[in-house]
Amino acid sequence: MTFTPTPLLRRAIIALAFALVAALFPVGASAQTGDDTYVITGSGWGHGVGMSQYGARALAASGSSASEIIQYYYTDVSLEDVADVLGNDSWIVADPEPLWIGLSQNRTSLQFHTEGGDAGLCKANDGEGACPTQTASPGQNWEFRALGGGACQFFLEGAAIGNPGACRATVEWDNASGASVRLPELSKEYARGILRLRPAGEGFHVSLEIGIEDYVYGIGEVPSSWPTAALEAQAIAARTYGVRQALRWGDAGEGGDALDPGRKTQCWCQLVATVADQNYVGLAKETELGGENWVAAVDATASTIITHPSASQQSVIVAYYSSSSGGHTDDNSSGLGSSEAAPYLQGVPDPWSKDPLANNPFDRWTVTVSGSDIAEAVGLDSLTGVAITENNASGSVAEVTITGELNGAPITITRSGRSFRSALGMRSHTYSIDAPPGSGVVIPDRPCEEPVPTATLGDVDPFGTHGPDIDCMVYFGIMPPATADLFDPTGPIARWQMAQYLIREAEIIGVDIPDVGDQGFDDLGGLPRDVVDDINSLKALGITTGISATAFDPDGTIPRWQMALFLTRVHGSAGFTLPAGTSPFADLEGLSGEAVGAIQGLVLLGVTNGTSETTFSPYSDVTREQMASFLARLLRADT
C-alpha cells in the first residue's frame, strides 16, 4: 500500500531537505569552532491557547466588556448560568463544597496554626470519639505528622496530642467567623473551605474541600488593579475551568472517597493549586492591594460559565488561558499538543497582547544561550547547528532541528517548538533563533532512506541485516549507542528506554507530542525528568496505558508483540493506516485482534519477516537491533 505523508510531515521534509548536501559537502563555510552563542528573540508568555490575559487587559482598557473579551478569544461560545447548564440536581450545583483542591502532595509533616478563631481537629481510627477531638486556637503551633506504617498524629508545640490514628484527618473552622488556617511551609492562608488530609504512601496529601465561588475568590492569576472587564473575564474563565475539571474527574463524594483512584494517588483532588491547573493562592488574593476589586468581579459574574455545544463535559469548555501570545493565539493542537483541535480553541489574531494598553512586559524578550548549554538541554555532547524548520499558522514554532554529536557520532534530532522552549526554560514557543555563522542543520530528505554516516560501532556490522538501521537510529538520535563505541545489539530494552525511542521517532514523523503532566504512574521515581515526560506523553497519546492505572514498570522488558502494537499506534498518531491482510505466522494465538493486525500490517510493509517463515515469537523480548530495524523500516515506509 502506498502511504501519503501527513501535511505536517510533507512540510517538514521540504523544510529540512535543504541542508543535506551542504552539510555533507560544505563549500565556502567551515564547521563551527568554540562555544558559539545563539540569540533567541521571542514574544508572549505561556502556551498561547485561549484567552490572552494581557490581551484581555488591553481590550478592557479600550472599552470591551467581559462578554466581548470571552467571545473574542473563545470561538462560538456562550455565557450561561451553571445551574441552567447542568441542572439544579447536579452535584456541582447541589453540593455547597463540590471542589477538592490539591494544596500539597506526598507530605510526611504539615505545620499549621489558626488566626482569628479556633479550628476543630479530627483524625480517623484514633479511638477518641466524636469529632472534633482537639481544638487549635490562635497562638498555638500545630503539626500533623506521619509516624510510619500508615499512622499519623497531631502535635502541639512539638508534643503528641491524643492517640495516633490513620493519616486521614480534618481541620475545620467557621468560614463566616473571620477565622483562617495558615500553612507556613506553603506560605498560604485559607479562610474558606475545609482542610482535608488524606493518606498517600507513607504520608498524606493536603486538599481543600471548597465551594465554587469560594474557590474563584482565591484564584491569583491577574493583578486586582486591572480594569473591571478584564477581572470579570478572568473570573468567568477560572470558574469555567474549575467546573470543567470537576466534571472531568467526577463527584468526590463523602470525604472525597468517590474520587477516581488515580486522582487519589496523585493528589486526592480534582484540581491542583498550581499553574498546572490554576494558581490558587487562597486568602492572599482577597487581601492583596485592590483585592476588593477581584471579589467584586467574582460576585458580578457569579455562576457564569462558558459553553460550546461540542465541549465534551456537558458543553462546559476547557477554558485555557495564558499570560499573553506573541501576536496570535494558537489552537490547542499547536499550542498544547492536543490530538484534536477543539472548535472553541481556535487561534485568533491577538494584537491586543502587544498593544500599549496591555503594558505587557513580555511583549518582547531575549535569551542568549551558548551552544554547549543547548547541547546539554537536549541531551547531546556538542552542538553544530540549530534551526527552526516549521512554524504553526500563528507564527509560533512547530519544530526545531538540532545537529551535533553524541557519543562521538554525528547526530540530527528534531524537537517540537514547545519541547525546545521547555528545555531552555523560555517563556513561550513564539520565537526566532539567530544562529552564528557556520552553523549547519543536517537532515536527509527521506529519513533512513538516504545514506547516513556509519556509526562505526565495534559490535555492529555496517553491512549486516541490522547495520544500516542501527546507523540511522544513531544518526537521528532515536537510539543512542550503549557506550561510546558499542551498540549492544542483542541486549534487552527497558520500558523507559522504549518510551524515549518511540517519542523521538514520533517527533520525526510529525506527531504533535502533548505537553502533559503526571498521568497517574507512581513508579517513575528516580527517572530523569525528560524520561518521565516521555512516558506521560505516551499515555496521553494512547500508545500505552502502562501495566496498570498506577504502574508503568519502567525497568521491565518489551515482548515483540507489544513492540509491534506500540509502533503501529505511534504511526497511526501521524495519520498513517496499516495495510490489512493475513500473515504467515502460526504462533499469534492468544493475542488481541489489534495486536495481530499490527503484526500483519508490519509484515505487509516489509518491516519484519518474523523469526522464521511461520513464527513471529511474539512473547520473546525485543532486542536492541530488532528495535532499531522496526523503527528504521517503519520510518522508511511512512516517508
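Residues numbered from 1 in each chain as written. Predicted model: local features only at pLDDT ≥ 70, side-chain atom pairs only at ≥ 80, totals over all residues. Heavy atoms only, no water.

Undergrad: Honestly, the side chain of S315 in this entry has me stumped. Any pointers?
TA: As for its position among the elements, S315 is in the loop between β17 (304–307) and β18 (321–322). Not counting the four nearest positions on each side in its chain, S315 is found in contact with V85, I306, T307 and H308. (Helix = DSSP H or I, 4+ residues; strand = E, 2+ residues; numbered from the N terminus. Contact = heavy atoms within 4.5 Å.)

Undergrad: Help me understand the sheet that holds strand β8 (residues 142–148), please; the structure alone is not making it clear to me.
TA: Pairing between the strands of a sheet comes from backbone hydrogen bonds, and it takes one of two forms, parallel or antiparallel. With respect to topology, six strands assemble into an open sheet ordered β10-β9-β8-β5-β12-β13, the strand pairing being antiparallel. Whereas interior strands pair on both sides, the edge strands pair on one side only; in this sheet they are β10 (159–166) and β13 (188–190). Each strand axis lies, on average, 25° off the axis of its neighbour in the sheet, ignoring direction. As defined by bridge partners, strand β9 (residues 151–156) adjoins β10 across five bridges and the pair is classed as antiparallel. Pairing of F154 across the sheet is with I161, part of β10. (Pairing = 2+ DSSP bridges. Axes fitted to C-alpha atoms, helices over the stretch in contact; angles between N-to-C directions.)

Undergrad: What exactly am I supposed to notice about the state of the cysteines here?
TA: In protein structure, a disulfide is the covalent linkage between the sulfur atoms of two cysteines. Counted by the stated rule, this structure contains three disulfides. With a sulfur-sulfur separation of 2.0 Å, C152 is cross-linked through a disulfide to C167. Since a negative S-S torsion denotes a left-handed disulfide, the C152-C167 link at about 90° is right-handed. Here the residue C152 occupies a position in strand β9, and C167 occupies one in the loop between β10 and β11 (169–172), the gap between them amounting to 15 residues. Taken individually, C152 and C167 each receive the classification buried, so the pair is uniform in this respect. A sulfur-sulfur separation of 2.0 Å characterises the disulfide bridge that pairs C267 with C269. Sign of the S-S torsion, about -90° for the bond between C267 and C269, identifies this disulfide as left-handed. Exposure class is identical for C267 and C269. Each is buried. (Disulfide = S-S within 2.5 Å. Buried < 20%, exposed > 50% of the residue type's maximum accessible area, 1.4 Å probe, protein only.)

Undergrad: Before we go on, may I ask you to explain the packing of helix α13 (residues 371–378) against helix α14 (residues 417–424) in this structure?
TA: Packed helices, taken two at a time, are described by their axes: the angle between them and the distance between them. Across the interface, α13 lies against α14 with an axial gap of 9 Å and an inter-helix angle of 115°. The orientation of α13 relative to α14 falls into the category roughly perpendicular. Between α13 and α14 lies a crossing whose hand is right-handed. Seen from α13, the contacting residues are I374, A377 and V378; seen from α14, they are F420, A423 and L424. Its residues placed into classes, the contact of α13 with α14 shows six nonpolar, no polar and no charged. (Parallel < 35°, antiparallel > 145°, perpendicular 65-115°, else oblique. Left-handed = near helix turned anticlockwise from the far one by under 90°. Nonpolar A, V, L, I, M, F, W, Y, C, P; charged D, E, K, R; others polar.)

Undergrad: Would you explain the nonpolar core in this entry?
TA: Across soluble globular proteins, nonpolar side chains show a tendency to be buried alongside one another. If you look at the biggest cluster of nonpolar residues, it comprises 86 residues, and the most contacted ones within it are M51, Y74, I101, L103, L195 and Y280. With twelve residues, helix α8 (residues 228–249) is the single largest residue contributor to this core. Beyond its immediate stretch of four places on either side in the chain, I101 contacts V206, S207, L208, I210, Y215, C269, L271, V272, A273 and Y280. Ranked by size, the runner-up nonpolar core spans 60 residues in total, among them C448, A455, V474 and F576. (Core = buried A, V, L, I, M, F, W, Y, C linked by side-chain atoms within 4.5 Å.)

Undergrad: How should I be thinking about the pattern of salt bridges in this particular structure?
TA: If the charged atoms of two oppositely charged side chains come close together, the side chains can form a pair. For the structure shown, the criterion picks out 15 salt bridges. In this structure, E185 and R107 form a salt bridge, with 3.3 Å as the shortest nitrogen-oxygen distance. In this pair, E185 sits in the loop between β12 (180–183) and β13 while R107 sits in strand β4 (residues 99–107), placing the two residues 78 residues apart along the sequence. One salt bridge in this structure joins E189 and R182, with 3.7 Å as the shortest N-O distance. R182 gets classed as partly exposed once you look at its relative accessible area, which sits at 27%. (Salt bridge = Lys/Arg side-chain N within 4 Å of Asp/Glu carboxyl O.)

Undergrad: What is the right way to look at empty space enclosed by the protein in this model?
TA: Using a probe with the size of a water molecule, rolled over the atoms, empty space left in the structure can be pinpointed. Taken as a whole, this structure holds three cavities of 30 Å³ or more when the rule is applied. Considered as a void within the structure, the second largest cavity measures approximately 50 Å³ in volume. Taken together, the residues of the lining of the second largest cavity break down into no nonpolar, 13 polar and one charged. (1 Å grid on protein atoms, 1.4 Å probe; cavity = no way out; pocket = protein on both sides within 12 Å on 5 of 7 lines; lining within 4 Å. Points joined across faces, edges and corners; volume = space filled by probe spheres on them.)

Undergrad: Would you mind showing me how to read the packing of helix α3 (residues 53–61) against α8 here?
TA: Contact geometry for α3 and α8: axes closest at 7 Å, N-to-C directions at 140°. It follows that α3 is oblique to α8 by the angle criterion. Two packed elements cross with a definite hand, and for α3 against α8 that hand is right-handed. Touching Q53, A56, R57 and A60 of α3 are A229, A230 and Q234, all from α8. Among the residues making up the contact of α3 with α8, the classes are represented as four nonpolar, two polar and one charged.

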